[in-house]
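# Residue-level structural notes
Chain residues, written in single-letter form:
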Amino acid sequence: MTTTTASKAFVRISDIPSEAERLGIRPGPSKPAFLALISLWQGDITTLEVDAIVNAADEALLGGGGVDGAIHRAAGAQLLEACRAHHGCKTGQAKITPGFNLPAKHVIHTVGPIGEKPDLLASAYRESLSLAKANGVHTIAFPCISAGVFGYPAESACKVAVHTVAKWTNENPGSIDRVVFCLFNQKSVHVYEEEIKRFLKKEQGEQE
Ligand code: ADP
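Since the structure is predicted, the reported quantities are computational estimates derived from the model, not experimental observations. (Residues numbered from 1 in each chain as written. Predicted model: local features only at pLDDT ≥ 70, side-chain atom pairs only at ≥ 80, totals over all residues. Heavy atoms only, no water.)

Another point: the overall build of the protein. Counting its regular elements, the protein contains seven helices and nine strands. Here the C-alpha atoms of the protein give a radius of gyration of 16 Å, agreeing with the 17 Å that 2.2 N^0.38 yields for 208 residues. In terms of overall dimensions, the protein has a C-alpha envelope of 55 × 40 × 30 Å along the principal axes. Each of the 208 residues in the protein was classed as buried or not, and the buried ones make up 50%. (Helix = DSSP H or I, 4+ residues; strand = E, 2+ residues; numbered from the N terminus. Rg over C-alpha atoms; globule rule 2.2 N^0.38 Å. Buried < 20%, exposed > 50% of the residue type's maximum accessible area, 1.4 Å probe, protein only.)

Next comes the structure, spelled out in structure tokens:
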């Protein structure tokens, strides 16, 4: 069901199918449980009614363009105040604030690398998930960190995102119920769908 305020429709996590549901796969011994934990969803991250949305911020944490600008606009001026109190964030690290006017309870601000630096991108995903776990967040949505203005090629950024989230959720069972990969455009949807297919093939190959 979709709830609305005067200006915007919010989307609940219960409205978004998991990848297992979307693909009609029952997780089992030979089907990765990971698929029941993730969703691919196309749209504006600021509309998601989840425990936390992740912001692809820069080190100053003072807002900017792209998804960062959209999140600050939707959350309101208090978000900037809360960010200021953190005095920035290093690349690969993460900080948390309330969501203020957003439907999400929290915003986790992380800084991805400029350009293709897989270790730093993986760190941004891991640190965000660890901060989520420490704050009782069970549902979380990620944008395609670094894949916009920061220039990380979409396919390789997606691979890092999927594999890092898979590894982290495997190592931290029961802490996160759903990770939504929030995809802003059709190209991102295609890239993620292809990566999930490759991921599945690889997992199934390893189990045979
Ligand atoms: P970065 O500086 O980390 O590259 P950008 O904001 O430039 O961050 O882009 C990151 C990704 O976020 C891109 O794929 C872009 O299309 C996407 N994006 C932009 N606005 C939104 C939004 N409102 N919701 C979700 N994703 C968004």
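Further notes follow.
What follows covers the pattern of salt bridges. Where side chains of opposite charge bring their charged atoms close, a pairing between them can arise. Under the defined criterion, the tally for this structure stands at six salt bridges. A salt bridge links Glu194 to Lys197; its shortest N-O distance comes to 3.1 Å. Residue Glu194 and its partner Lys197 are located together in helix 7 (residues 186-207), separated by three residues, close to a single helical turn. Because the salt bridges share partners, they merge into one network encompassing Glu19, Arg22 and Glu193. (Salt bridge = Lys/Arg side-chain N within 4 Å of Asp/Glu carboxyl O.)

All right, on to the layout of surface pockets then. Taken as a whole, the largest pocket spans an internal volume of roughly 690 Å³. In terms of lining, the largest pocket is formed by 35 residues, of which the most central are Gly66, Val67, Cys144, Gly148 and Val149. Broken down by secondary-structure element, the contributors of at least two residues to the lining of the largest pocket are strand 5 (52-57), helix 3 (66-75), strand 7 (106-111), helix 6 (154-171), strand 9 (178-183) and helix 7. Partitioning the lining of the largest pocket into residue classes produces 20 nonpolar, 11 polar and four charged. Ala33, Phe34, Ala166, Thr169 and Asn170 are, among the 10 residues lining the second largest pocket, the residues nearest its centre. (1 Å grid on protein atoms, 1.4 Å probe; cavity = no way out; pocket = protein on both sides within 12 Å on 5 of 7 lines; lining within 4 Å. Points joined across faces, edges and corners; volume = space filled by probe spheres on them. Nonpolar A, V, L, I, M, F, W, Y, C, P; charged D, E, K, R; others polar.)

Looking now at unusual backbone geometry. Phi at Leu61 is positive, roughly 55°, even though this residue is not glycine. Within the element layout of this structure, Leu61 appears in the loop between strand 5 and helix 3. One non-glycine residue, Ser146, lies in positive phi territory at about 70°. Within the element layout of this structure, Ser146 appears in the loop between strand 8 (139-142) and helix 6.

Quick look at the site of the ligand now. In the region of the ligand, 15 residues are neighbours, and Asp44, Val67, Ser146, Gly148 and Val149 sit closest. Asp44 places a polar side-chain atom, nitrogen or oxygen, 3.0 Å from a nitrogen atom of the ligand. Within the backbone of Val149, a nitrogen or oxygen atom sits 2.8 Å from an oxygen atom of the ligand. Compared with its free state, where it exposes 570 Å², the ligand has 89% of that area covered by protein. Mapping the ligand onto the cavity grids shows that it belongs to the largest pocket. For the shell around the ligand, the leading source of residues is helix 3, giving three residues. In terms of residue class, the shell around the ligand is built from 10 nonpolar, four polar and one charged. (Near = heavy atom within 4 Å. Polar contact = N/O pair within 3.5 Å; in protein donor to acceptor, adjacent residues only side chain to side chain. Areas by Shrake-Rupley, 256 points an atom, 1.4 Å probe, with all protein chains shown as cover. Sits in = over half its atoms within 2 Å of the grid points.)

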